[in-house]
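Observations on the model geometry
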Amino acid sequence: MTESQDKFENGGINIDGFNSDRILEADDDESDLGSAPVIQATASNHGANGLLAQNCCGFPVTNRPTSFLSGIGKFGARRKGGRRHGGADLYGKDGQAVLAVATGVVVRPPYYFKARTLGLDIRHTGGFIIRYGEISGRSFGLATDSKILKGQKIGEMKYVPGAPQAMLHFELYKGNVSGKLTEPGTPYRRRSDLINPEPYLIHWEKNK
Amino acid sequence: MSRRKTIFFVVATTLVIFAVLRLHISSGMAVVKVEKPLTPIAEAKDENLKGKRQIALSSTLASSQLKQKSPIQISSLTEAESKHQTLLSLTTVLAEAMSLNLSPATLVRDLNLIGYQPTASKDDVAYMDSMIVIQTKNALPGSRYFRAQFFGDDEGHYQPQHVSFELQPGTSLKDVTSALTSAFGGSLPAPAYRDREWTSYKFPDGYTVWTKILNSEDIKENAISAHSPEDVGTIQVAIEKEIAGHEDEPL
């Protein structure tokens, strides 16, 4: 285990005084994505899109999930054919609430994501986009342009048979480009502005 | 014969059958009785057509334009035969949509051919991809809630990600499996997952076909399709491209 990984798994993060050039992003050529990245932010930029700013964001699920920093649900976990996992899977219980991490607007209302679970895409204040995936089919009255409040319940985890547990599949995008979120031909099969959500999730969880 | 060719053959055969039927009808040699056109598209409601003895055919098989056609009734089919015809048609469309990587326009054309009155909605959102959702204003006997989702890029290239439909309670899962087998060229992979409600088949091209018998929880406040308690037992049939990065899972 690397020092940084150990730091993350013990929940100890320090965002002050880091440079902003080592935020691990999807297009980085990291040979070993199994080790956790270092949170990078400066006092002025608070990380990408203000994601680490005070009161920016909250944690997206109610109860503490099992670790999203290891195993097959980890961001960057290897898949068949050289593919990498483009999200972080926050495991929990069937029906567990999924919360909006920040204020925002629904840019894509619920759509079929996988095996009757839904995806929901929200553009949050600061411009970043989150794809909340594998949530239940229940309706929470969300439509395109619905305004979302930080902490608002936007869905529930839904167990898909054969998966390790019910989960929230969490994808984070800077939101500074356009085009398909799901993009063949890249290791993550995702758009170029995909970023590793782990540091932010850790930060939000610590501050919730 | 490769799977792709086989599916193409099945689809082509289906279309030819429709064409022959139509020729018989238009030439007065029909073995079936043609009745008045159905309700115009704008007035048709999903539930209006449920359970009625009818099958619809497009009047222009070769057209690739997104034309809305008035279907015709064929009263010689029993209700069971109509439902079975629906099942065969829909499973063929399902197989064709993903295996042949159909464009939204082609899918709309094919839906017209089997009697649907499809609608396509496209959302273009800043900083996002565009998505086309195809649904239908009517339902073929024994079915409802046809839905197809396509994701597109800035150049207007769209790929199907999800296609599904529902079959009313009482439909035999065995019949569904048989229809799927035919639609996919005579064979399906061994189920990747199976329990009392779910069955899934994983294809090497990266898509999954699944069937789900809806239970009482499935039909509660569904964000995409509305149900009532008597819909427990509905079978949803879908084909999906894996986008979650969970392709190692059986569903």
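Up top is the structure.
Let me begin by describing the structure that accompanies this report. (Residues numbered from 1 in each chain as written. Chains lettered and ligands numbered in written order. Predicted model: local features only at pLDDT ≥ 70, side-chain atom pairs only at ≥ 80, totals over all residues. Heavy atoms only, no water.)

1. Observations regarding the interface of chain B and chain A
Facing the 42 residues of chain B at the interface are 41 residues of chain A. Summed over both sides, the interface between chain B and chain A buries roughly 3,600 Å², with carbon and sulfur atoms accounting for 52% of that surface. When the area that chain B buries against chain A is broken down by residue, the three leading residues are Y127, M128 and I243 of chain B, summing to 19%. Residue D129 of chain B pairs with R108 of chain A through a salt bridge whose shortest N-O separation is 2.6 Å. Taken together, the elements giving at least two residues each to the side of chain B that touches chain A come down to β2 (130–136), β3 (143–152), β4 (158–167), β7 (207–213) and β8 (235–241) of chain B. (Contact = heavy atoms within 4.5 Å. Buried area = accessible area lost by both parts, 1.4 Å probe. Salt bridge = Lys/Arg side-chain N within 4 Å of Asp/Glu carboxyl O. Helix = DSSP H or I, 4+ residues; strand = E, 2+ residues; numbered from the N terminus.)

2. Things to note about the side chain of T86 of chain B
Tracing the backbone shows T86 of chain B in helix α2 (residues 79–99). Every residue in contact with T86 of chain B, bar those within four places of it in the chain, is listed here: L140, P141 and S143 of chain B.

3. So, the packing of aromatic side chains
We describe a pair of aromatic rings using the distance from one ring centre to the other and the angle between the two ring planes. Here the structure, examined in full by the defined rule, presents 10 aromatic pairs over all chains. Pairing F75 of chain A with Y188 of chain A gives two aromatic rings, centres 5.0 Å apart and planes at 20°, and the pair type is stacked. Here the residue F75 of chain A occupies a position in the loop between α1 (3–9) and β1 (88–92), and Y188 of chain A occupies one in the loop between β8 (166–173) and β9 (194–195), the gap between them amounting to 113 residues. Summarising the burial analysis for this pair, F75 of chain A and Y188 of chain A share the class buried. A centroid spacing of 5.1 Å and a plane angle of 25° characterise the contact between F203 of chain B and Y207 of chain B, whose relative ring orientation is stacked. (Phe/Tyr/Trp six-rings, centres within 6.5 Å; stacked < 30°, edge-to-face > 60°. Buried < 20%, exposed > 50% of the residue type's maximum accessible area, 1.4 Å probe, protein only.)

4. Considerations on the packing of α2 of chain B against helix α4 (residues 173–183) of chain B
All names here are of chain B. Between α2 and α4, the shortest axis-to-axis distance is 8 Å and the interhelical angle comes to 50°. With respect to their mutual orientation, α2 and α4 come out oblique. As α2 packs across α4, the resulting crossing turns out to be right-handed. The residues of α4 that touch α2, namely those facing L87, L88, T91, T92, L94 and A95, are D175, V176, A179, L180 and A183. Broken down by class, the residue content of the contact of α2 with α4 amounts to 8 nonpolar, 2 polar and 1 charged. (Axes fitted to C-alpha atoms, helices over the stretch in contact; angles between N-to-C directions. Parallel < 35°, antiparallel > 145°, perpendicular 65-115°, else oblique. Left-handed = near helix turned anticlockwise from the far one by under 90°. Nonpolar A, V, L, I, M, F, W, Y, C, P; charged D, E, K, R; others polar.)

5. Brief notes about the state of the cysteines
Residues and elements named next belong to chain A. According to the stated counting rule, one finds 1 disulfide over all chains in the structure shown. Two residues share a disulfide in this structure: C56 and C57, whose sulfurs sit 2.1 Å from each other. The same class applies to C56 and to C57, which are both buried. (Disulfide = S-S within 2.5 Å.)

6. Brief notes about the environment of F184 of chain B
Residue and element names in this part refer to chain B. Secondary-structure assignment places F184 in the loop between α4 and β5 (193–194). With relative accessibility at 1%, the residue F184 sits in the buried group. When the C-alpha atoms of F184 and W210 are compared, they prove to be 13 Å apart, with 26 residues separating the residues in sequence.

7. Quick notes on the layout of surface pockets
Empty pockets left among the atoms are what a rolling probe the size of a water molecule brings to light. Put simply, the largest pocket is a space of about 640 Å³. Around the largest pocket, the lining comprises 27 residues; the ones closest to its centre are R83 of chain A together with D205, G206, K241 and E242 of chain B. Class assignment for the residues of the lining of the largest pocket results in 8 nonpolar, 7 polar and 12 charged. Computed from the structure, the second largest pocket encloses a volume of approximately 390 Å³. In terms of lining, the second largest pocket is formed by 22 residues, of which the most central are D94, S136 and K158 of chain A together with E217 and D218 of chain B. Tallied by class, residues from the lining of the second largest pocket come to 6 nonpolar, 6 polar and 10 charged. (1 Å grid on protein atoms, 1.4 Å probe; cavity = no way out; pocket = protein on both sides within 12 Å on 5 of 7 lines; lining within 4 Å. Points joined across faces, edges and corners; volume = space filled by probe spheres on them.)

8. Considering α2 of chain B
End to end, α2 of chain B covers 30 Å across 21 residues, agreeing with the expected 30 Å (1.5 Å per residue, within 8%). In the stretch just after α2 of chain B, N101 of chain B is the one whose phi turns positive, near 55°. (Expected span 1.5 Å × (residues − 1).)

9. A short note on the nonpolar core
If you look at the biggest cluster of nonpolar residues, it comprises 37 residues, and the most contacted ones within it are Y132 and F170 of chain A. For this core, the secondary structure elements donating two or more residues are β1, β3 (104–114), β4 (117–124), β5 (129–135), β8 and α2 (198–206) of chain A. (Core = buried A, V, L, I, M, F, W, Y, C linked by side-chain atoms within 4.5 Å.)

10. Considering the environment of Q54 of chain A
When you line up the elements, Q54 of chain A lands in the loop between α1 and β1. We classify Q54 of chain A as exposed; its relative accessible area is 68%.

11. A short note on the pattern of salt bridges
Opposite charge on two side chains permits pairing when their charged atoms draw close. Evaluation of the coordinates by the stated rule reveals 17 salt bridges over all chains. Its salt-bridge partner being E197 of chain B, residue K212 of chain B comes within 3.0 Å of it at the nearest N-O pair. Placement of the pair is K212 of chain B in strand β7 and E197 of chain B in the loop between β5 and β6 (198–202), with a sequence separation of 15 residues. The residue E217 of chain B makes a salt bridge to K220 of chain B at a minimum N-O spacing of 2.8 Å. Of the residues examined, K220 of chain B reaches a relative accessible area of 43% and is grouped as partly exposed. Several salt bridges share partner residues, and in doing so they unite D121, R131, E171 and R190 of chain A into one network.

12. Here's the deal with the pairing of β8 of chain B
All names here are of chain B. Burial within β8 is extensive, with 6 of its 7 residues counted as buried. Both β4 and β8 contribute to a ladder of 6 bridges, which runs antiparallel. If you follow V163 over to β8, its bridge partner there is I239. As paired elements, β7 and β8 share 7 bridges and run antiparallel to each other. Residue pairing for β8: I213 is matched across the bridge by I235. (Pairing = 2+ DSSP bridges.)

Nothing here speaks to function; it is all geometry.
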